[in-house]
Structures are given as structure tokens and as C-alpha cells.
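So you can see what is in the structure, the chains are spelled out below.
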Amino acid sequence: MKKISTYRRSSVIPLRMAFVMWLLFTYQFYSGHDLGFLGIYPRHLLGLIGVLVSPLVHGDVNHIMSNTVPLILLGAVLFHFYPLIARVVFVNSYLVTGLLVWLFGREFFHIGASGVIYSLAFFLMLFGLFRKDKKSLLISIIVVVVYGGLVYGLMPNDPQTSWESHVFGAGVGTSLAFVFRNRARVD
């Protein structure tokens, strides 16, 4: 019984974020209002609102579908296996990635949760390599097998895709994995 409650608890934050993403998308879909203006618009004061809101806004069904499952799975893995550092990793993945996009991204509206997803994925992929314990290495291997293809999203190939979110998310996740590598207790 304790295992089930641990699994449920580990998915609360990612599920809440996915719920808000779908709530905003449903509003956008049925109202006809494009919420893209809530994205990160680099180096403009009003674009700063996007640091908080942009991961919750998605352009179409394919966009939100491709962000929902990885967000929930990677977030649940993070919160389940590394509960003592999960909140710090998640919040930094969300906010620092957004701030870096705001500082250095191309001037257009960056929307979607892919920056957060890249940060979580790269954290989980590299944490085991940096930490060198069996459990973390196994988690890293599994995440690489399942999400290793994300590396192709680091290269600009579509002008409508925020590859900057991908790159900065990967950098934030890598940095967080390195920073927490020597922490005595993470679970």
C-alpha cells in the first residue's frame, strides 16, 4: 500500500502541470483565442510573463500531446527516485530555462513545455553518470533508451520550433545533474 501512495505522490506536480496545460489548451481551442502572446518574447519586458506561463501554452493538439506524456513520465521518475531534490530540480528546470530563453532566444513567441522536458530528461540521463551509483546509472540508461532521441531537437531545423528552449533546457538539466552529483541523500 505504501508503494502505491509513493507512486501517486511522485506524479502530483507533473499531473497538475499537465492539467493546467490542457485547461489552457481547451480554453484556447473552444474560445478561438490564441494564447501564444503569453509565450516568452526575448528581451522585451512583457515577454517576461512567458517565463512563468509559456510552458503551459501550446499551439496545437500535436504540440500538447508531444509534451504531455514526457512531462508526466519524466516528472514522475524525478519525484519518485529523487524526492529530496526533485522540487529544486523541477523549479529550476522551469524558471531558469525560461529566463535563458528570454535572455538569449530569437525574437518570437516561445511556447510549450519542451524546455522543461529537455531539462528533466538531461538531468535524469546524466545524473547517474555524474553520481556513479547503481540505481542512478540504471535510471540514466533507461531514460537514454527511451528519450535519447531528444538530442536531435537540439539542432535548429524548423524556424517555428523553439530549439533555444531545447538547448537551454538541456544545459540546465546537465548543470543540475552536475551540481547535485555529490549530494549525500537524494531519496
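In this report, the structure presented in the accompanying data block is examined. This one's a predicted model, so the numbers in the text were calculated from it and none came from an experiment.

With respect to the overall build of the protein
Then, number 1: Summing up its helical and strand segments, the protein has eight helices and zero strands in all.
Then, number 2: In the protein, the succession of α and β elements from N to C terminus is α-α-α-α-α-α-α-α.
Then, number 3: Against the globule reference of 16 Å for 187 residues, the protein gives a C-alpha radius of gyration of 16 Å, in line with a compact fold.
Then, number 4: Counting only C-alpha atoms and orienting by the principal axes, one finds that the protein spans roughly 45 × 35 × 30 Å.
Then, number 5: The proportion of buried residues among the 187 residues of the protein is 45%.
Then, number 6: Carbon and sulfur atoms form 71% of the exposed surface of the protein, whose accessible area is close to 10100 Å².
Then, number 7: Distance from the positive charge centre (15 side chains) to the negative charge centre (7 side chains) of the protein: 20 Å.

Here we look at the layout of surface pockets
Then, number 1: A volume near 290 Å³ is recorded for the largest pocket.
Then, number 2: Forming the boundary of the largest pocket are 15 residues, of which His63, Ile111, Gln160, Thr161 and Ser162 lie nearest the centre.
Then, number 3: When residues in the lining of the largest pocket are grouped by element, the largest group, three residues, is from helix H4 (residues 61–81).

Comments concerning the side chain of serine 119
Then, number 1: By secondary structure assignment, the location of serine 119 is in helix H6 (residues 114–131).
Then, number 2: For serine 119, the contacting residues outside a window of four places in its chain are Ser93, Thr97, Gly169, Ala170, Val172, Gly173 and Leu176.

Observations concerning the nonpolar core
Looking at soluble globular proteins, one finds that nonpolar side chains tend to be buried together.
Then, number 1: Ranked by internal contacts, the top residues of the largest apolar core, which has 37 residues, are Met17, Leu78, Tyr82 and Phe123.
Then, number 2: Ranked by residues supplied to this core, first place goes to H6 with 11 residues.
Then, number 3: The contacts of phenylalanine 123, once residues within four sequence positions are left out, are Leu78, Tyr82, Ile85, Val89, Gly173, Leu176 and Ala177.

Quick word on the packing of H4 against helix H5 (residues 86–104)
Then, number 1: Between H4 and H5, the shortest axis-to-axis distance is 9 Å and the interhelical angle comes to 145°. In the packing of H4 onto H5, the handedness of the crossing is right-handed. Across the interface between the two elements, Leu71, Leu78 and Phe79 of H4 pack against Ala86, Arg87, Val89 and Phe90 of H5.

Notes on the packing of aromatic side chains
Then, number 1: Under the defined criterion, the tally for this structure stands at 11 aromatic pairs.
Then, number 2: An angle of 85° between the planes, with centres 6.1 Å apart, marks the rings of tyrosine 82 and phenylalanine 123 as edge-to-face. Separated by 41 residues along the polypeptide, tyrosine 82 in the loop between H4 and H5 and phenylalanine 123 in helix H6 bring together distant segments of the chain.
Then, number 3: Arranged with centres 6.0 Å apart and planes meeting at 40°, the rings of phenylalanine 104 and phenylalanine 168 form a pair that is tilted. Of the two residues, phenylalanine 104 sits in helix H5 while phenylalanine 168 sits in helix H8 (residues 163–179), which places them 64 residues apart along the sequence.
Then, number 4: A connected cluster of aromatic rings, assembled from ring pairs, spans Trp22, Phe25, Phe29 and Tyr30.
Then, number 5: The cationic tip of arginine 181 hangs over the ring face of phenylalanine 178; the distance from NZ or CZ to the ring centre is 3.7 Å.

Let's talk about the pattern of salt bridges
Then, number 1: One pass over the full model with this rule turns up four salt bridges.
Then, number 2: Between glutamate 107 and arginine 43 there is a salt bridge, with its nearest N and O atoms 4.0 Å apart. Taken as a pair, glutamate 107 in the loop between H5 and H6 and arginine 43 in the loop between helix H2 (12–31) and helix H3 (49–53) lie far apart in primary sequence, 64 residues in all.
Then, number 3: Residue glutamate 107 is classed as partly exposed on the basis of its relative accessible area, which comes to 46%.
Then, number 4: According to the relative accessible area criterion, arginine 43 is partly exposed, its value standing at 41%.
Then, number 5: Of the charged contacts, one joins lysine 135 and aspartate 187 as a salt bridge, the two residues approaching to 2.4 Å between their closest N and O atoms. In this pair, lysine 135 sits in helix H7 (residues 134–147) while aspartate 187 sits in the segment after H8, placing the two residues 52 residues apart along the sequence.
Then, number 6: Classification of lysine 135 as partly exposed rests on a relative accessible area of 30%.

Reading the values: the criteria
- Residues numbered from 1 in each chain as written.
- Predicted model: local features only at pLDDT ≥ 70, side-chain atom pairs only at ≥ 80, totals over all residues.
- Heavy atoms only, no water.
- Helix = DSSP H or I, 4+ residues; strand = E, 2+ residues; numbered from the N terminus.
- Rg over C-alpha atoms; globule rule 2.2 N^0.38 Å.
- Buried < 20%, exposed > 50% of the residue type's maximum accessible area, 1.4 Å probe, protein only.
- Areas by Shrake-Rupley, 256 points an atom, 1.4 Å probe, with all protein chains shown as cover.
- Lys, Arg positive; Asp, Glu negative; His and termini not counted.
- Charge placed at Lys NZ, Arg CZ, Asp CG, Glu CD.
- 1 Å grid on protein atoms, 1.4 Å probe; cavity = no way out; pocket = protein on both sides within 12 Å on 5 of 7 lines; lining within 4 Å.
- Points joined across faces, edges and corners; volume = space filled by probe spheres on them.
- Contact = heavy atoms within 4.5 Å.
- Core = buried A, V, L, I, M, F, W, Y, C linked by side-chain atoms within 4.5 Å.
- Axes fitted to C-alpha atoms, helices over the stretch in contact; angles between N-to-C directions.
- Left-handed = near helix turned anticlockwise from the far one by under 90°.
- Phe/Tyr/Trp six-rings, centres within 6.5 Å; stacked < 30°, edge-to-face > 60°.
- Lys NZ or Arg CZ within 6 Å of the ring centre and 35° of its normal.
- Salt bridge = Lys/Arg side-chain N within 4 Å of Asp/Glu carboxyl O.

No statement about biological role is implied by the geometric values presented.
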